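Summary of structural features
Okay, here's what each chain looks like letter by letter:
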Amino acid sequence: MEPALITAIVGGLAVCGGGVWRLIDRADKKREKREVAVEALLTARIAELLKRVKALSRYNSRIKAAAGKWREQLIANDIQPDPAEWPEDEHDDTE
């Protein structure tokens, strides 16, 4: 083979390799940006859910305290509370 042809082939392969490297590098940078965005979104969602759990826990504590006081009032007035008639829970845990 002629040296000029070999040089042209090697040069063409080098250009193609450089282009492929550039495309791969660009895809990696986009992927990293997406990962950072997803991580920020999930962190915000976790904080929101933890806040909701805390609020529901406080709500549950208040309801239990009120139910206990109500029960004590019933017993103090010689009324036996019937827990079979408790209302359904308004919060659905399957959300």
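This one's a predicted model, so the numbers in the text were calculated from it and none came from an experiment.

**A closer look at the overall build of the protein**
From N to C terminus, the protein includes 1 helix and 0 strands. Across the 95 residues that make up the protein, the buried fraction comes to 1%. Here the protein displays about 9,000 Å² of accessible surface, and carbon together with sulfur accounts for 61% of that area.

**Concerning a positive patch on the surface**
A surface patch of like charges, here positive, comprises Arg-22, Arg-26, Lys-30, Lys-33 and Arg-34. Summarising the element assignment, Lys-30 is placed in helix α1 (residues 3-76). Owing to a relative accessible area of 45%, Lys-30 belongs among the partly exposed residues under this scheme.

What counts and how
- Residues numbered from 1 in each chain as written.
- Predicted model: local features only at pLDDT ≥ 70, side-chain atom pairs only at ≥ 80, totals over all residues.
- Heavy atoms only, no water.
- Helix = DSSP H or I, 4+ residues; strand = E, 2+ residues; numbered from the N terminus.
- Buried < 20%, exposed > 50% of the residue type's maximum accessible area, 1.4 Å probe, protein only.
- Areas by Shrake-Rupley, 256 points an atom, 1.4 Å probe, with all protein chains shown as cover.
- Patch = residues over 30% accessible without salt bridge, like charges linked within 9 Å, V, L, I, M, F, W, Y side chains within 5 Å.
- Salt bridge = Lys/Arg side-chain N within 4 Å of Asp/Glu carboxyl O.
- Lys, Arg positive; Asp, Glu negative; His and termini not counted.
- Charge placed at Lys NZ, Arg CZ, Asp CG, Glu CD.

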